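Here are the chains, one letter per residue:
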Amino acid sequence: VKARHLVRIRRTSQGFFLILFLVLLVETRLPEDIYLNYSSVFSTEQDISLEWPVTFFFQLDPLVFLSSLFSGYSIIKGFAWALGVILMTLFLGRIFCGFICPFGTLNHLVSWVRPAVKGQDMVKANRKTPGQKVKYFILISVLAASVMGLNLTGLMDPISFLFRSIALAVVPGLGTGLRELFNLMAQIDFKPFNLLSYGAEVFLAPVFGYGYQAFQAAWIIGILFLFVLFLNRIRPRFWCRFLCPLGALLGIFSRFTLLRLEKDEEKCTDCKLCVKACQGAASPVPGQTWENAECLMCFNCFDSCPEDALSFSFRWAPKINNGPDMGRRAVLTGLLGGVSLPFLGKLDGRVSKVSDPRLIRPPGSLPEKDFLTLCQRCGLCMKVCPTNVINPTLSEAGMAGFWTPHLIMTQGYCEYTCTLCGSVCPTGAIRPFSVEEKIQRPIIIGSAYVDRGRCLPWSGNGPCIVCEEHCPTSPKAIYLINQVVPGPKGKKVRVQLPYVDLKTCIGCGICENKCPVKGKPAIRVIAVGESRSLENQILLGSL
Amino acid sequence: MNMKRHMTRRESIKRLAHLSGGIALTGFLPWPVNKVFSATPGQAKKGFIVEGIGRTKGYSTKALVKGVFDAAGGMQKFVSKGDVVVIKPNISWARAPHLAATTNPEVLEGVIELCQEAGAKKVRIADNTIHDARRCFAITGAGMVAKKTGAELIFPRSSLMRKMKLRGSRLDVWPVFVPIVEADKVINLPIAKHHSLSSLTLGMKNWIGAVGGSRWSLHQDIHQTIVDLARFFKPAITLIDATRILTSNGPSGGSPSDVDTRNTLILSNDPVAADAVASILFGLDPKEIAFISLGHKWRLGTYDFHSLDQKKVVL
């Protein structure tokens, strides 16, 4: 195959997988046109699930597979894809980085549009440096931490990183901006503007998941994402070259790659165009040893060589390539870091002693310890949630649980018969669950309590039954007692006072969400009573 | 999504173009806009009330719908050729039809078909749902009905909420779900349910699902706000679905034990009378229900339904 063709194939493949990634990301939401046949559901509850395989890229990711295996002893659904990627790496090197990885493609694109430096400087910039060992350090840290029972992989895994960044920061950011524009246009008293605004919203709403999601503290995720893209101004594909733990993992497997860079020193004129084009700093120039573990398999060197001194070919001879140059220090500090991180992360006692009362996990979440062994913090559950209740944590789950999902009831609520978050979780940190489990109450996510000082009827400020009205259980977990209470100016007010029956409450939070006392509602849900924990209980014999 | 839906959308935008200018203005209009947009109330005409009951086992719900409309003179009496008809069911909760928290989809289907037979240009289903709209459409069966009949199910997006002058005694300016006021004819299609504050939710209270804003604060003066809204949204006709009624744990229900099967439909051009008749199904005295007596007081209709032209249809 000619070099030009190879590069063209690579670009096509990169484009395809980036678009596929974005399409799957956009489709990680309830579609507008789902129709259940009502005559067939006459007396049963049906689960509504997504038609698209939205977890595909997570199944493809060997790091997600390995960390779940080491940490939670769990073999995730669709892991065969990850095995396929490892197998492919044994034959073809880091072809995943060059041809498939959407984050790699994005970094590649940014580096290509605005190269960090030009000419001779780029040749210098693309020389292999010891800094490239950092990614091995990161890989060893997250894998060691996984073995010790805390899965931090998702913080640095490129698929989780990209999904989280786009789903929680880029899409909501763009969506909010556009919606403000549309609202502005809708307010202007000029017909074509109103029309345009409505039309644009109808057209764009499906892309933004209909509801225009917002995520608290997602600005940190957004800034980090911009920062990583900006790093490409320092070195091409900075992330892939220095930071990516998945790249490091595939680098280790690429030791046995059969597809190799062949160098013809006699033809080489030492023009260094190959080095200039090499985004992985893998020493393509003849005279140096090719660093197969660093090579991103982009075929730029092959394409750029004017003398045909470079070529890629399969060698079946049992010739072992260079091992990845990770260095003893990266391995040792990586191990040390990985072993100590779980202890550091749990120093605050959030996991083992007292958890934050507002740490309400999605229904179907595993017990906290197991949850932290599997959660990739990827944001799939947050993206798919139709009410936008699931948000990334900051401090609620302690340092160990940074960016894991929790429910903020002022922003949404857990819909009674919705099972979407469990159906999309790629690792089973939120296990798949059924509507029946929510209705029959094996799954409880928390308990509601009334803040009588704020409550309208309790404080004598007037009638209100909104929490009771929305309570979805039957019989309702919120019940009303008719009473006369002292109101303002010594008046007696007849009201219905809300009480919570903890034996019926499931903690869904719709009461908190709909309470007219906004900001800090008069009825709130805390995590106590959650069915996933044996300790976090109030009532005797409730589990 | 097929071509038909595309046409629909274009049409709806075109339709909106006619009205958006006017609607954008409404906030500033000194005169009551309900005169401009709503169908004229049936106050001057003789009121009627038709009660349809399915007694035979396995009766067809759709036939009962047709029966009550035929007894009232047929759908063409209310819907003219070329009308854009908006039906306001109660599909606010993501509950399966058998739980009686939402309008029976078979009744909805029957009404849509009658509108289409009467020559309606366009039939739309509009409700500002409480639960997520997509899940409500799917689970209540309204989505399936829309797909089957070709009616347009309107997604309650924020750009379709506009502040309008209601000129009620309690509500002055409030965000309203635009497609309902832009229709040529509006059909109110609620389900009869228990409600812990207003005691029942019937036809008049169904209009709380036609507004946006912080509607949970309406509960602080629920009866007056119900009447204010009912005076603003004057439907061409009200059909109360009492095929299954929710007798307890309302308005959301959730258990088949809260449901009572009554196989009844109540059709009237008098919104107060329709609610009054429906309240009797629950064994209540309509005069005792504050929003019904308030509606009577404000001359929205009469709870004295015996004074109306009464008919009964039994299948």
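In this text, all values refer to a predicted model and were calculated from it rather than measured experimentally. Every chain begins its residue count from 1, and numbering advances along the sequence as written. Each chain takes a letter, starting from A, and each ligand takes a number, starting from 1, following the order in which they are written. Per-residue local features of the predicted model are confined to residues with pLDDT of at least 70, and side-chain atom pairs are confined, for both listing and counting, to 80 or more; whole-chain, interface and lining totals are unaffected and use all residues. No hydrogens and no water enter the side-chain calculation; it runs on all heavy atoms of the structure.

Observations concerning the overall build of chain A
Put simply, DSSP H or I for four residues or longer makes a helix, DSSP E for two residues or longer makes a strand, and each gets a number counted from the N terminus. For chain A, the helix and strand inventory stands at 23 helices and eight strands. Each principal axis of the C-alpha distribution contributes one length, and for chain A these read about 100 × 60 × 50 Å. Categorising residues by exposure relies on relative accessible area from a 1.4 Å probe, with only protein chains included: less than 20% of the type maximum marks a residue as buried, more than 50% marks it as exposed, and the intermediate range marks it as partly exposed. When burial is assessed residue by residue, chain A has 57% of its 543 residues classed as buried. Residue contacts are defined here by distance: any two heavy atoms, one from each residue, within 4.5 Å place the two residues in contact. Pairs at least 24 residues apart make up 74% of the contacts formed inside chain A by residues separated by at least 6 positions. Note that accessible areas follow from Shrake-Rupley with a 1.4 Å probe, and for residues the cover is restricted to the protein chains shown. Here chain A has roughly 23,000 Å² of accessible surface; of this, 63% comes from carbon and sulfur atoms.

Brief notes about the pairing of strand 2 (residues 84–89) of chain B
All names here are of chain B. Of all six residues in strand 2, six are buried; the element is thus mostly enclosed. Alternating positions in strand 2 separate into two faces, Val84, Val86 and Lys88 on one and Val85, Ile87 and Pro89 on the other, with burial throughout. In this description, strands pair whenever DSSP reports at least two bridges between them. When strand 2 meets strand 3 (residues 122–126), the two strands line up parallel, connected through four bridges. Its bridge partner lying in strand 3, valine 84 is registered against lysine 122. Crossover connection from strand 2 via helix 4 (residues 105–117) to parallel strand 3: handedness right-handed. Across five bridges, strand 2 lies against strand 7 (residues 185–189) in parallel orientation. Bridged to isoleucine 87 within strand 7 is isoleucine 187. Handedness of a crossover: with both strands directed away from the viewer, a clockwise path from the first strand across the helix to the second marks it as right-handed.

Overview of the pattern of salt bridges
We define a salt bridge as a contact between a side-chain nitrogen of Lys or Arg and a carboxyl oxygen of Asp or Glu at a distance within 4 Å. All told, the structure shown has 26 salt bridges over all chains when counted by the stated rule. One salt bridge in this structure joins Glu201(A) and Arg157(B), with 3.8 Å as the shortest N-O distance. Of this pair, Glu201(A) sits in helix 11 (residues 191–204) while Arg157(B) sits in the loop between strand 4 (152–154) and strand 5 (161–165), each in a different chain. The same class applies to Glu201(A) as to Arg157(B), namely buried. The shortest N-O distance in the salt bridge between Glu368(A) and Arg532(A) comes to 2.8 Å. With a gap of 164 residues between them, Glu368(A) in helix 18 (residues 368–374) and Arg532(A) in the segment after strand 8 (523–526) connect regions that are remote in the sequence. A residue is classified by how much of its surface remains accessible, and Arg532(A), at 13% relative accessible area, is buried. By sharing partners, the salt bridges in this structure join Arg361(A), Glu368(A), Glu530(A) and Arg532(A) into a single network.

Some points on helix 9 (residues 271–281) of chain B
Residue and element names in this part refer to chain B. Along helix 9, 10 of the 11 residues are buried, which leaves the element largely enclosed by surrounding structure. Taken together, the buried positions of helix 9 are occupied by Pro271, Val272, Ala273, Ala274, Asp275, Ala276, Val277, Ala278, Ser279 and Leu281. Packed against the buried residues of helix 9 are strand 1 (48–53), strand 9 (199–201), strand 10 (237–246), strand 11 (259–268) and helix 10 (290–297). N-cap assignment for helix 9: the residue whose side-chain oxygen lies 2.9 Å from the backbone N of valine 272 is aspartate 270. In protein, a polar contact requires one atom able to donate a hydrogen and another able to accept it; more generally it is a pair of N or O atoms within 3.5 Å, and residues adjacent in sequence count only if both atoms are side-chain atoms.

Some thoughts on the packing of helix 8 (residues 222–232) of chain B against helix 10 of chain B
Residues and elements named next belong to chain B. Each axis is a line fitted through C-alpha atoms, and for a helix only the stretch in contact is used; angles between axes span 0 to 180 degrees, taken between their N-to-C directions. Direction vectors running N to C along helix 8 and helix 10 enclose 45 degrees, while the axes themselves pass 9 Å from each other. By the criterion of interaxial angle, the relationship of helix 8 to helix 10 is oblique. Crossing hand, helix 8 versus helix 10: right-handed. On helix 10, the residues touching His223, Gln224, Ile226 and Val227 of helix 8 are Ala290, Phe291, Leu294 and Gly295. Among the residues making up the contact of helix 8 with helix 10, the classes are represented as five nonpolar, three polar and no charged. For this classification, under 35 degrees means roughly parallel, over 145 means roughly antiparallel, 65 to 115 means roughly perpendicular, and everything else is oblique. Each crossing gets its hand from how the near helix is turned against the far one by less than a right angle, where anticlockwise is left-handed and clockwise is right-handed. The classification used treats Ala, Val, Leu, Ile, Met, Phe, Trp, Tyr, Cys and Pro as nonpolar, Asp, Glu, Lys and Arg as charged, and all other residues, Gly among them, as polar.

As for the side chain of Thr140(B)
Residue and element names in this part refer to chain B. Mapped onto the elements of the fold, threonine 140 is located in helix 5 (residues 133–140). Of note is the side chain of threonine 140, whose polar atom sits 2.7 Å from the backbone oxygen of cysteine 136. Engagement of the side chain of threonine 140 in a polar contact is seen with the backbone nitrogen of alanine 142, the distance being 3.3 Å.

Quick word on the environment of Ile390(A)
Residue and element names in this part refer to chain A. Note that isoleucine 390 resides in strand 3 (residues 390–392). Taking the relative accessible area as the measure of exposure, isoleucine 390 reaches 2% and is therefore buried. Separated by 16 residues in the primary sequence, isoleucine 390 and histidine 406 have C-alpha atoms spaced 5.4 Å apart. Excluding its chain neighbours within four sequence positions, the residues that come into contact with isoleucine 390 are Phe215, Pro362, Cys381, Met382, Cys385, Pro405, His406, Leu407 and Cys421.

Things to note about the interface of chain B and chain A
Contacts between the two partners involve 55 residues from chain B and, on the opposite side, 54 residues from chain A. Each partner contributes to the roughly 5,000 Å² buried at the junction of chain B and chain A, and carbon and sulfur atoms together form 57% of this total. Each of two parts loses accessible area, computed with a 1.4 Å probe, when they are put together; buried area is these two losses added. Of all residues in chain B, Arg134(B), Arg135(B) and Trp216(B) bury the most surface against chain A, accounting for 16% of the area lost on that side. If you look at where chain B meets chain A, you find two salt bridges. Across the salt bridge formed by Glu415(A) and Arg135(B), the nearest N and O atoms sit 2.6 Å from each other. Joining chain B to chain A, the criterion identifies 15 residue pairs in polar contact (both at pLDDT 80 or more). Listing elements by their share of the side of chain B that touches chain A, those giving two or more residues are helix 1 (3–26), helix 4, helix 5 and helix 6 (142–149) of chain B. Looking at the side of chain B that touches chain A, the element that brings in the most residues is helix 1 of chain B, giving nine residues.

A short note on helix 10 of chain B
Residues and elements named next belong to chain B. Every buried residue of helix 10 is listed here: Phe291, Ile292, Leu294 and Gly295. All buried residues of helix 10 fall inside an arc of 165 degrees around its axis, so they share one side. Along its buried surface, helix 10 packs onto strand 9, helix 8 and helix 9. Positive backbone phi, at 60 degrees, marks arginine 299, one or two positions downstream of helix 10. Read the arc as the range of directions from the helix axis to the C-beta atoms.

Quick word on the layout of surface pockets
Here a cavity denotes a set of grid points, spaced 1 Å apart and computed over the protein atoms alone, in which a 1.4 Å probe fits but from which it cannot get out, and a pocket denotes an open set meeting protein on both sides within 12 Å along at least five of seven lines; residues with an atom within 4 Å of a point are reported as lining. Grid points are joined across faces, edges and corners, and a volume is the space filled by probe spheres set on the points. Of the volumes computed, that of the largest pocket is approximately 1,400 Å³. In terms of lining, the largest pocket is formed by 47 residues, of which the most central are Gly211(A), Lys514(A), Asn128(B), Ile130(B) and Pro156(B). For the lining of the largest pocket, the elements supplying multiple residues, two or more each, are helix 19 (380–384) and helix 23 (510–514) of chain A together with helix 5 of chain B. For the lining of the largest pocket, the element with the most residues is helix 23 of chain A, which contributes three residues. Considering only residue class, the lining of the largest pocket consists of 18 nonpolar, 18 polar and 11 charged.

Considerations on the confidence of the model for chain A
Here chain A shows a mean pLDDT of 90. Residues at 70 or above account for 97%. A score from 0 to 100, pLDDT tells how confident the predictor is in each residue. Considering each helix and strand of chain A separately, the mean pLDDT is smallest for helix 11 of chain A, with a value of 80, and largest for strand 8 of chain A, with 97.

Details of the environment of Val277(B)
Residues and elements named next belong to chain B. Here valine 277 is to be found in helix 9. Separated by 174 residues in sequence, valine 277 and threonine 103 place their C-alpha atoms 18 Å apart. Apart from the residues lying within four places of it in its own chain, the contact partners of valine 277 are Ile49, Glu51, Ile266 and Phe305.

So, the packing of aromatic side chains
All names here are of chain A. Only rings of Phe, Tyr and Trp enter the pairing, Trp through its six-membered ring, and a pair is recorded when the two centres are within 6.5 Å. The plane angle decides the type: under 30 degrees is stacked, over 60 is edge-to-face, the rest tilted. Under the criterion given, the structure shown has 27 aromatic pairs over all chains. An angle of 90 degrees between the planes, with centres 6.3 Å apart, marks the rings of phenylalanine 17 and phenylalanine 57 as edge-to-face. Separated by 40 residues along the polypeptide, phenylalanine 17 in helix 1 (residues 3–26) and phenylalanine 57 in helix 2 (residues 56–59) bring together distant segments of the chain. The exposure classification of phenylalanine 17 matches that of phenylalanine 57, with both residues buried.

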